[in-house]
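Geometric and topological summary
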Amino acid sequence: QFQIDKLQKQEPLEVLQPTPTIQELEKSSINLSNDLSPYWPTDISRWEGMIIPIAIQYKIDPNLVAAVMTVESNGHPNAVSSAGAIGLMQVMPFHSCSTFDPAKNIECGVYLLAYYQQRAGGDWRKGLSAYNAGERGRDVYGRGWSYADKVLELYNHTK
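For the structure given in this document, a descriptive report is provided here.

Rules behind the numbers
- Residues numbered from 1 in each chain as written.
- Predicted model: local features only at pLDDT ≥ 70, side-chain atom pairs only at ≥ 80, totals over all residues.
- Heavy atoms only, no water.
- Phe/Tyr/Trp six-rings, centres within 6.5 Å; stacked < 30°, edge-to-face > 60°.
- Helix = DSSP H or I, 4+ residues; strand = E, 2+ residues; numbered from the N terminus.
- Buried < 20%, exposed > 50% of the residue type's maximum accessible area, 1.4 Å probe, protein only.
- Disulfide = S-S within 2.5 Å.
- Core = buried A, V, L, I, M, F, W, Y, C linked by side-chain atoms within 4.5 Å.
- Contact = heavy atoms within 4.5 Å.

1. Here's the deal with the packing of aromatic side chains
Enumeration according to the criterion identifies 4 aromatic pairs in this entry. Aromatic pair Tyr 58 and Tyr 111: ring centres 6.2 Å apart, planes at 80°, arrangement edge-to-face. Here Tyr 58, found in the loop between α3 (48-57) and α4 (62-73), pairs with Tyr 111, found in helix α5 (residues 102-119); they are 53 residues apart in sequence, far enough to count as distant. Overall, the relative accessible area of 1% leaves Tyr 111 in the buried class. Where Tyr 111 meets Tyr 115, the ring centres are 6.4 Å apart and the plane angle is 20°; that geometry is what we call stacked. With Tyr 111 and Tyr 115 both in helix α5 and 4 residues apart, the pair spans about one turn of that helix. The structure contains a cluster of three or more aromatic residues connected by ring pairs, namely Tyr 58, Tyr 111, Tyr 115 and Tyr 116.

Pasting the structure below:
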């Protein structure tokens, strides 16, 4: 199981406790696949070897991870958003696992996806909204919903 505190950086502003267990995540998984769809362009599919084992570990369809990666960075590992999010999965720097290292960035992003989805009670749209805007941004300010819809639309093209 991914231990977010093992990656060295400053303390996160958002506490990621308690860490959901694989068994808890398994109960609320989207359709689990063991490979990437041929739908994805090379900029995304080239990360397949990193996406698949991490996605499977967290019981998330690798194609959903690819959809998030597409929306977030379009497969560019050195991407930086205007808000300061970094890497393939556009993780905010206040998370202790935030790094440009592709494997660690994917692992951090998938962990956060699993965390928010589990906190959303298994509702992927709600979990993806929180991944994008944080729970406060989603619940108080109504942010992240169009992001979630865009990710889910891309994901549905892989079916």
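2. Quick word on the state of the cysteines
In this structure the tally under the stated criterion is 1 disulfide. A sulfur-sulfur distance of 1.7 Å marks the disulfide that ties Cys 97 to Cys 108. With the S-S dihedral at roughly 40°, the linkage between Cys 97 and Cys 108 falls on the right-handed side. Within this pair, whereas Cys 97 is found in the loop between α4 and α5, its partner Cys 108 is found in helix α5, the two being separated by 11 residues in sequence. Among the residues examined, Cys 97 registers a relative accessible area of 1% and is labelled buried.

3. Examining the nonpolar core
Within the largest apolar cluster, 38 residues are counted, with the highest numbers of intra-cluster contacts made by Ile 60, Met 89, Ile 106, Leu 128 and Tyr 131. Looking at this core, the elements that each hand over two or more residues are α3, α4, α5, α6 (124-139) and α7 (145-156). In terms of residue count, α5 provides more of this core than any other element does, 9 residues in total. For Leu 128, the residues in contact, after removing those within four places along its chain, are Leu 64, Val 68, Leu 113, Tyr 147, Ala 148, Val 151 and Leu 152.

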